[in-house]
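Summary of structural features
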Amino acid sequence: MIEVRRRFFIMSELTNSRYNCQNGIVQPLLTDLYQITMAYAYWKSKKTDDYAVFDLFFRKNPFSGEFTVFAGLEECLKFIQKFRFSDSDIAYLRQILPSSIENEFYEYLKTLTADHIKFYAVKEGTVVFPRIPLIRVEGQLVVAQLLETTLLNLVNYASLMTTNAARYRLAAGHLKLYEFGLRRAQGPDGGLSASRYSYIGGFDGTSNVLAGKLFHIPVKGTHAHAYITSFNSIDELQLTMLRNSNTDTDENFVHPVLKWREKLISMFGVILSEVSNGELAAFISFAIAFPDGFMALVDTYDVKKSGLINFCAVALGLHDFGYKALGVRLDSGDLAYLSNVAREYFNNIGNKYNVPYFGKLVIMASNDINEETILSLNDQDHKIDSFGIGTHLVTCQKQPALGCVYKMVELNGEPRIKLSQDVGKVTIPGKKDVYRLYGAAHSLIDLLQKAEELPPVAGQKTLCRHPFQVFLLNL
Ligand SMILES: Nc1ncnc2c1ncn2[C@@H]1O[C@H](COP(=O)(O)OP(=O)(O)OP(=O)(O)O)[C@@H](O)[C@H]1O
Ligand SMILES: O=P(O)(O)OC[C@H]1O[C@H](OP(=O)(O)OP(=O)(O)O)[C@H](O)[C@@H]1O
Ligand SMILES: O=C(O)c1cccnc1
Ligand SMILES: [Mg+2]
């Protein structure tokens, strides 16, 4: 039995404002100059009120992949709902446009809104495919045209980023994924979008605090190498006392940690001079600051000979005081190998000193991780629980743009086509609706029909024709 689901939803079915903020720079002037000059030329040719239909779609899945996740819709809806040129916009346009432009045009521009535009879209977060319209805009030609650049800007990076994140999610399975890319993102707005859309694509959280506040995304973080290198010796510790939650008294925390470290040094046969005291001081101070949330960056000096020994000594000290450490972050070296070493340390210590949760301490990995790194790690026997991912994720290094386009497909009820020598660039004319046909187990095909045609009916034969390739599918 074939099931049919409508793909397009009208504006009132799509609006679900979870986020109370609108990005302040998304406004009518966030567009290409040619949209405004075309608006004037349409106005002069008395075509502004022609009835236009535009499709927004892409031609090829990104990352040499087989799917795309549609995103950016929420911002498109806010943009359309608020679309209006302000007085200062008009004043600026008067400055930059030729003096030959008639005054009445500016008066006209001031009156424009998108209130009468009909806006249809696929729901945000839907898996979508090439050439299927993601958005259909219908209405007054001049307004529908003026929306082009901004809608493309809002959808292109959002969908690319969400797809990228979804691919990392597929590669990482159930492991935790955190977006750590703000420092490497394409400016402040790129950074915020990256955090927001990586969350929609399946990440568990972000290090970006503003994104957490604006978009209600869980925020997470550890500490940087700078924190570790800011300490040189144990004597530097200003604060040595920690509340023992078993006895509810403040006790010296450094002495038990040092005792534990002596035991671990002999247990793992490392040389005392190779275990960094500065690193231990940094870990102790961080544990005193966050006894319930102690996560340590262990690769500043030497993971095996120093970082893991110091971390475990502090974690055992915390255990004595009635707290549970969280785990470690590895940020260099062979992440598969080091994660195995870390897990072995934790298991051995947990068994020897009867601290069962030690075997389950979190091992986070970071450092230039991309989808291929995760797939390669999957082929190795790693023990990583979570990844912190920055540069490759937020810059979409593997493919920096999704080629969404916005094309006129109908004017005043007549289909319109853009021809091209390149068959892939020929547009599919006419006002179309989109349906997804489902078999018993999964979706089968996306079907485009003329909007005036009756929807396909579940259980009845439907002739499906590929728009460019010559083969038929009789479902
Ligand atoms: N076991 C592994 N399998 C596949 N890729 C890995 C593995 N371990 C690490 N990587 C990746 O290999 C690269 C190592 O990079 P590089 O050699 O520049 O870093 P590093 O020297 O370990 O650390 P850094 O220079 O940051 O101190 C990173 O992109 C990392 O994600
Ligand atoms: O996926 P990534 O781009 O690596 O994102 C996260 C990185 O950012 C931080 O360090 P930073 O990169 O600032 O310094 P580093 O290159 O010396 O590690 C962190 O320690 C990670 O290495
Ligand atoms: O919290 C972290 O560990 C973090 C945040 C941003 C970049 N690198 C690491
Ligand atoms: Mg790095």
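Keep in mind that what you see is a predicted model, and the values were worked out from it rather than measured.

Glancing now at the overall build of the chain. When its secondary structure is counted, the chain shows 16 helices and 21 strands. Its C-alpha atoms give the chain a radius of gyration of 29 Å, clearly above 23 Å, the size a compact globule of 475 residues would have. Taken along its principal axes, the extent of the C-alpha atoms in the chain is 85 × 60 × 40 Å. Buried residues in the chain amount to 53% of all 475 residues. Counting only contacts in the chain whose residues sit at least 6 apart along the sequence, the fraction spanning at least 24 positions is 74%. Of the accessible surface of the chain, which amounts to about 22,400 Å², a share of 53% is contributed by carbon and sulfur atoms.

Moving on, we come to the site of ligand 1. Residues in contact with ligand 1 amount to 13 residues; listed here are only the nearest, Gly333, Asp334, Leu335, Asn367 and Gln380. Here a nitrogen atom of ligand 1 sits 2.9 Å away from a polar atom, N or O, in the main chain of Leu335. The side chain of Gln380 places a nitrogen or oxygen atom 2.9 Å from a nitrogen atom of ligand 1. Out of a free accessible area of 640 Å², ligand 1 has 54% covered by protein chains.

Residues given the UniProt feature "domain: Nicotinate phosphoribosyltransferase N-terminal" (unreviewed entry) here are residues 29–156. For residues 29–156, the helix share is 44%, the strand share is 16%, and the end-to-end C-alpha distance is 18 Å.

A word on the nonpolar core. Nonpolar side chains in soluble globular proteins tend to be buried together. Grouped together as the largest cluster of nonpolar side chains are 134 residues, with contacts concentrated most on Phe119, Phe311 and Phe346. For this core, the element with the most residues is helix α7 (residues 148–172), which contributes eleven residues. Counting the residues that make up this core, at least three belong to each of domain 1 (2–167 + 401–474) and domain 2 (170–394). Sequence-distant contacts of Phe346, that is, excluding residues within four places in its chain, are made with Leu308, Phe311, Cys312, Val328, Phe358, Gly359, Leu361 and Ile363.

Our next topic: empty space enclosed by the protein. Rolled over the atoms, a probe as big as a water molecule pinpoints where empty space is left. If you walk through the whole model with that rule in mind, you get one cavity of 30 Å³ or more. Here the largest cavity is characterised by a volume of approximately 50 Å³. Lining the largest cavity are Asp55, Phe57, Arg131, Pro133, Val409, Thr427, Ile428, Lys432 and Leu448. Partitioning the lining of the largest cavity into residue classes produces five nonpolar, one polar and three charged.

Taken together, the neighbourhood of ligand 3 is formed by Phe180, Arg183, Ser207, Gly221, Thr222 and Arg329. Measuring from an oxygen atom of ligand 3, one finds a side-chain N or O atom of Arg329 at 3.2 Å. The fraction of the free accessible surface of ligand 3 (260 Å²) that becomes covered by protein chains is 81%. Assessed atom by atom at 2 Å from the grid points, ligand 3 resides in the second largest pocket.

Within this model, the largest pocket holds a volume of roughly 1,100 Å³. Around the largest pocket, the lining comprises 36 residues; the ones closest to its centre are Ile428, Leu448, Arg465, His466 and Pro467. Counting residues per element, the ones that place at least two in the lining of the largest pocket are β18 (432–438), β19 (443–450) and β20 (463–465). The greatest single-element share of the lining of the largest pocket, amounting to eight residues, is contributed by β19. Across the lining of the largest pocket, the residue classes break down as 16 nonpolar, nine polar and eleven charged. Here the second largest pocket defines a volume of roughly 560 Å³. Around the second largest pocket, the lining comprises 24 residues; the ones closest to its centre are Phe180, Arg183, Arg329, Asp331 and Ser366. Within the residue set of the lining of the second largest pocket, elements represented by two or more residues are β15 (386–389) and α16 (391–394). Split by residue class, the lining of the second largest pocket holds six nonpolar, 13 polar and five charged.

Position of Asp235 relative to the elements: it lies in the loop between α10 (225–229) and β10 (241–244). Taking C-alpha positions, Asp235 is 9.4 Å from Gly278, a pair spaced 43 residues apart along the chain.

Attention now goes to the packing of aromatic side chains. Each aromatic ring pair is described using two quantities: the centre-to-centre distance and the angle formed by the ring planes. By the definition in use, this model includes 20 aromatic pairs. Residues Tyr40 and Trp43 carry aromatic rings whose centres are separated by 5.8 Å and whose planes lie at 25 degrees to one another, so their mutual orientation is stacked. In this pair, Tyr40 and Trp43 are both assigned in helix α2 (residues 33–44), three residues apart and thus about one turn of the helix distant. Side by side, Tyr40 and Trp43 carry an identical accessibility label, which is buried. Judged by centre distance (4.0 Å) and plane angle (5 degrees), the ring pair of Phe268 and Tyr345 falls under stacked. With Phe268 in helix α11 (residues 254–268) and Tyr345 in helix α14 (residues 335–352), the pair connects residues that are 77 residues apart, well separated along the chain. Over the ring of Phe9 we find Lys123; its NZ or CZ atom is 4.3 Å from the centre of that ring. Across from the ring centre of Phe215, 4.7 Å away, lies the NZ or CZ of Arg196, which sits over that ring.

Turning next to the domain arrangement of the chain. Once the domains are mapped, the chain shows domain 1 (2–167 + 401–474) and domain 2 (170–394). A straight line from the C-alpha centre of domain 1 to that of domain 2 covers 45 Å. Summed over both sides, the interface between domain 1 and domain 2 buries roughly 1,600 Å², with carbon and sulfur atoms accounting for 56% of that surface. Taken together, the links from domain 1 to domain 2 amount to two salt bridges.

What counts, and at which threshold
- Sequence order as written defines residue numbering, which begins from 1 separately in each chain.
- Whichever chain is written first becomes A and whichever ligand is written first becomes 1, with later ones labelled in order.
- At least 70 in pLDDT is required for a residue's local features to be given in this predicted model, at least 80 for side-chain atom pairs to be given and counted, and no such filter applies to totals for whole chains, interfaces and linings, which use all residues.
- As a convention, hydrogens and water are excluded, and side-chain values are obtained from all of the structure's heavy atoms.
- Note on conventions: DSSP H or I runs of at least 4 residues are helices, E runs of at least 2 residues are strands, and numbering of each starts at the N terminus.
- The size measure is the radius of gyration over C-alpha atoms, and the globule rule it meets is 2.2 Å times the number of residues to the 0.38 power.
- Burial status follows relative accessibility: with a 1.4 Å probe on protein chains alone, a residue under 20% of its type maximum counts as buried, one over 50% as exposed, and anything between as partly exposed.
- Contacts were defined at the residue level, with two residues in contact if any of their heavy atoms lie within 4.5 Å.
- Accessible surface area values rest on a Shrake-Rupley calculation with a 1.4 Å probe, where residue burial reflects the displayed protein chains alone.
- It suffices for a single heavy atom of a residue to lie within 4 Å of a molecule or strand for the residue to be listed as near it.
- Throughout this description, a polar contact denotes any pair of N or O atoms lying within 3.5 Å of each other; where both atoms belong to protein, one of them has to be capable of donating a hydrogen while the other can accept it, and for residues adjacent in sequence the pair is counted only when both atoms sit in side chains.
- UniProt positions are given in the numbering used here, feature names are shortened, and annotations may be inferred rather than shown by experiment.
- Among the buried residues, those of types Ala, Val, Leu, Ile, Met, Phe, Trp, Tyr and Cys that are joined through side-chain atoms within 4.5 Å form a nonpolar core.
- Segment limits for the domains were obtained from an automatic or database-derived domain assignment.
- Cavity means a closed set of points on a 1 Å grid over the protein atoms alone, one where a 1.4 Å probe fits but cannot get out, pocket means an open set with protein on both sides within 12 Å along at least 5 of 7 lines, and lining means a residue has an atom within 4 Å of a point.
- Grid points are joined across faces, edges and corners, and a volume is the space filled by probe spheres set on the points.
- Note on residue classes: Ala, Val, Leu, Ile, Met, Phe, Trp, Tyr, Cys and Pro are nonpolar, Asp, Glu, Lys and Arg are charged, and everything else, Gly too, is polar.
- A molecule is said to be in a cavity or pocket once over half of its atoms fall within 2 Å of that pocket's grid points.
- The criterion for an aromatic pair is that two Phe, Tyr or Trp rings (for Trp, the six-membered ring) have centres within 6.5 Å, with stacked assigned to planes under 30 degrees apart, edge-to-face to planes over 60 apart and tilted to the rest.
- We count a charge as sitting over a ring when the NZ of a lysine or the CZ of an arginine lies within 6 Å of the ring centre and within 35 degrees of the ring normal.
- Buried area, as used here, totals the accessible surface that two parts lose on assembly, with accessibility defined by a 1.4 Å probe and the loss added over both.
- Salt-bridge detection follows one rule: a side-chain nitrogen of Lys or Arg within 4 Å of a carboxyl oxygen of Asp or Glu.

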